[in-house]
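Spelled out, the chains give:
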Amino acid sequence: MDDSDTRPDDTAHGRALLRSLRVWDTELPLFDLEAAPADPLALFWQWFVDVAEAGQVEPHTMSLATVDDASRPDLRTLMLHDADEAGWHFGSHSGSAKGRQLAGNPEAALGFYWPVQGRQIRVRGRVTTASATESRADLARRSPGALASALVGRQSEVLPSYGDLVAASQAAWEHAQAEPDAPAPSWTLYVLEPAEVEFFQGEARRRHVRLRYVRGTDGSWTKELLWP
């Protein structure tokens, strides 16, 4: 979209707002590096609880970056379903853009941003698919609306009209209400096994703390600091 696609007053106002915005208008927590655990999973859950209790809206949302078959990067926001020793879990349709991209190149990255405490977490690694049983169990734990959406399927396909979506959604909602355990064959649980996990803590004077965990070939983790 170029400037001609928006009203001139919106453009000028938007630019003025952009230049006036500040970040982290709050007291930021300290990152005690000496207390950082040996495993990044433990620190992830510690930070997750901290930001959720501090009032962060939707702390379970994250960005997922993948690449397509032409090596062009792609990005979207979705929900974290779990994080355990196997990795970070999320769900999607196998035929969606992200599903096709992961099938072609199973390397991906996740990003969490929690401005309430000036924190970010970045996770990089290889993505695998869970079994059909695990994928179905993942969907069963979600809301009826999520099941209805999964039953519609066709994610990322071209939609002829919004009316087509309304009709398909209504039919899927009725199906989900009548059959709460209805299968959605394309629904897939994905697991990103981390090779690197970085924790970023913002600091008012821009002396940000960046702690990266790097996984060795034996599965052990090494910690290292990065310049901000």
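Quick note: structure is the one above.
Residues numbered from 1 in each chain as written. Predicted model: local features only at pLDDT ≥ 70, side-chain atom pairs only at ≥ 80, totals over all residues. Heavy atoms only, no water.

### Some details on the packing of helix H5 (residues 144–152) against helix H6 (residues 162–178)
Here is step 1 of the chain: At a closest axis distance of 8 Å, the pairing of H5 and H6 adopts a crossing angle of 125°. What the angle tells us is that H5 and H6 run oblique. Handedness of the crossing formed by H5 with H6: right-handed. Counting all contacts with H5, which are made through Pro144, Gly145, Leu147, Ala148, Leu151 and Val152, the residues of H6 involved are Ala168, Ser169, Ala172, Trp173, His175, Ala176 and Gln177.
Here is step 2 of the chain: For the contact of H5 with H6, the per-class residue count stands at nine nonpolar, four polar and no charged. (Axes fitted to C-alpha atoms, helices over the stretch in contact; angles between N-to-C directions. Helix = DSSP H or I, 4+ residues; strand = E, 2+ residues; numbered from the N terminus. Parallel < 35°, antiparallel > 145°, perpendicular 65-115°, else oblique. Left-handed = near helix turned anticlockwise from the far one by under 90°. Contact = heavy atoms within 4.5 Å. Nonpolar A, V, L, I, M, F, W, Y, C, P; charged D, E, K, R; others polar.)

### Describing the environment of Val152
Here is step 1 of the chain: If you trace the backbone, Val152 turns up in helix H5.
Here is step 2 of the chain: Among the residues examined, Val152 registers a relative accessible area of 24% and is labelled partly exposed.
Here is step 3 of the chain: Sequence separation of Val152 and Trp173 is 21 residues, and the distance between their C-alpha atoms is 8.9 Å.
Here is step 4 of the chain: Every residue in contact with Val152, bar those within four places of it in the chain, is listed here: Ala168, Ser169 and Ala172. (Buried < 20%, exposed > 50% of the residue type's maximum accessible area, 1.4 Å probe, protein only.)

### Notes on the nonpolar core
Here is step 1 of the chain: Of all hydrophobic cores here, the largest spans 30 residues; its most connected members are Phe44, Trp88, Ile121 and Phe199.
Here is step 2 of the chain: Elements with a contribution of two residues or more to this core: helix H2 (40–53), strand E1 (61–67), strand E4 (87–93), strand E5 (107–114), strand E6 (119–129), strand E7 (187–201) and strand E8 (209–215).
Here is step 3 of the chain: With six residues, the top contributor of residues to this core is H2.
Here is step 4 of the chain: Those residues in contact with Ile121, other than ones at most four positions away along the chain, are Phe44, Trp47, Leu110, Gly111, Phe112, Trp114, Val197, Glu198 and Phe199.
Here is step 5 of the chain: In this structure, Leu139, Ala150, Ala176 and Ala184 belong to the second largest nonpolar core, which totals eight residues. (Core = buried A, V, L, I, M, F, W, Y, C linked by side-chain atoms within 4.5 Å.)

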